[in-house]
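Below, each chain spelled out in residue letters.
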Amino acid sequence: MNYESRRITISYLAVIELCKMFDLPQDAPTQALSAGVEKLIFQHGNVQTSPKVETAPSTQPNKSALSAMVTNFKGAA
């Protein structure tokens, strides 16, 4: 069995919610918080995620407009 660990960062507000959920003090040690996160993952890990949202294709810069801006800038200097 392969074991792989991940490092995550959670916000202070998420820590407060986690403490409320598991009745932990807000100054709980990191190990207690990580145990709470692991419990959430394993309890709800089989929940289906929402489908991927398709992003619009990236747009290319308008090179002629950029060139004109640079030319105008050089002329002003």
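Quick caveat: nothing in here was measured; it's all calculated off a predicted structure. Each chain carries its own residue numbering, running from 1 in the written order of its sequence. In view of the model being predicted, local features appear only for residues whose pLDDT reaches at least 70, and side-chain atom pairs are presented and counted only at 80 or more, with totals across whole chains, interfaces and linings using the full set of residues. To get the side-chain values, all heavy atoms of the structure are used, and hydrogens and water are removed first.

Chemist: Would you mind going over the overall build of the chain in detail, with residue names and values included?
Modeler: Helix numbers and strand numbers start at the N terminus; a helix is a DSSP run of H or I with at least 4 residues, a strand a run of E with at least 2. Helix and strand counts for the chain stand at 3 helices and 0 strands. In sequence order, the secondary structure elements of the chain are arranged as α-α-α. Only protein chains enter the accessibility calculation, which uses a 1.4 Å probe. A residue is then buried if its area is under 20% of the maximum for its type, exposed if over 50%, and partly exposed in between. Residues counted as buried form 10% of the 77 residues belonging to the chain. All accessible-area figures derive from a Shrake-Rupley calculation using a 1.4 Å probe, and residue coverage is judged against the displayed protein chains alone. For the chain, the exposed surface amounts to about 7,700 Å²; the carbon and sulfur share of it is 58%.

Chemist: Mind laying out the layout of surface pockets, listing which residues take part and the relevant values?
Modeler: Space inside and on the surface of the protein is sampled on a 1 Å grid over the protein atoms alone, with a cavity defined as a set of points where a 1.4 Å probe fits but cannot get out and a pocket as an open set with protein on both sides within 12 Å along at least 5 of 7 lines; lining residues have an atom within 4 Å of a point. Grid points are joined across faces, edges and corners, and a volume is the space filled by probe spheres set on the points. Within this model, the largest pocket holds a volume of roughly 600 Å³. Looking at the largest pocket, it is lined by 16 residues, and the ones nearest its centre are Arg 6, Ile 8, Ser 34, Val 37 and Glu 38. Note that Gly is not counted as nonpolar here; it falls among the polar residues with everything else outside the nonpolar set of Ala, Val, Leu, Ile, Met, Phe, Trp, Tyr, Cys and Pro and the charged set of Asp, Glu, Lys and Arg. Its residues placed into classes, the lining of the largest pocket shows 8 nonpolar, 4 polar and 4 charged.

Chemist: Residue-level account of the nonpolar core, with values.
Modeler: Residues enter a nonpolar core if they are buried and are Ala, Val, Leu, Ile, Met, Phe, Trp, Tyr or Cys, with the set joined through side-chain atoms within 4.5 Å. By size, the foremost hydrophobic cluster in this structure holds 6 residues: Val 15, Leu 18, Cys 19, Ala 28, Leu 33 and Val 37. The set of elements that each furnish at least two residues to this core consists of α1 (12-21) and α2 (30-44). Here the element with the most residues in this core is α1; it accounts for 3 residues. If we skip the residues at most four places from it in the chain, Leu 18 touches Leu 33, Gly 36, Val 37 and Leu 40. The criterion used for residue contact is that any of the two residues' heavy atoms lie within 4.5 Å.

Chemist: So what about unusual backbone geometry? Which residues, and what values?
Modeler: Peptide bonds are trans in most cases, and residues, glycine excluded, mostly fall at negative phi. Positive phi values are uncommon outside glycine, yet Asp 23 reaches one of about 55°. Summarising the element assignment, Asp 23 is placed in the loop between α1 and α2. When its relative accessible area of 73% is taken as the criterion, Asp 23 is described as exposed.

Chemist: So what about the environment of Asp 27? Which residues, and what values?
Modeler: The residue Asp 27 is located in the loop between α1 and α2 in this model. When its relative accessible area of 66% is taken as the criterion, Asp 27 is described as exposed. Linking Asp 27 and Val 15, residues 12 residues apart in sequence, is a C-alpha distance of 9.6 Å.

Chemist: Can you tell me about the pattern of salt bridges, naming the residues and giving the values?
Modeler: When their charged atoms lie close together, side chains carrying opposite charge are able to pair. The rule for a salt bridge is simple: a side-chain nitrogen of Lys or Arg has to be within 4 Å of a carboxyl oxygen of Asp or Glu. One pass over the structure, following the stated rule, counts 1 salt bridge. Residue Glu 17 pairs with Lys 20 through a salt bridge whose shortest N-O separation is 3.7 Å. Linking Glu 17 with Lys 20, this pair stays in helix α1, spanning 3 residues, or about one helical turn. Taking the relative accessible area as the measure of exposure, Lys 20 reaches 59% and is therefore exposed.

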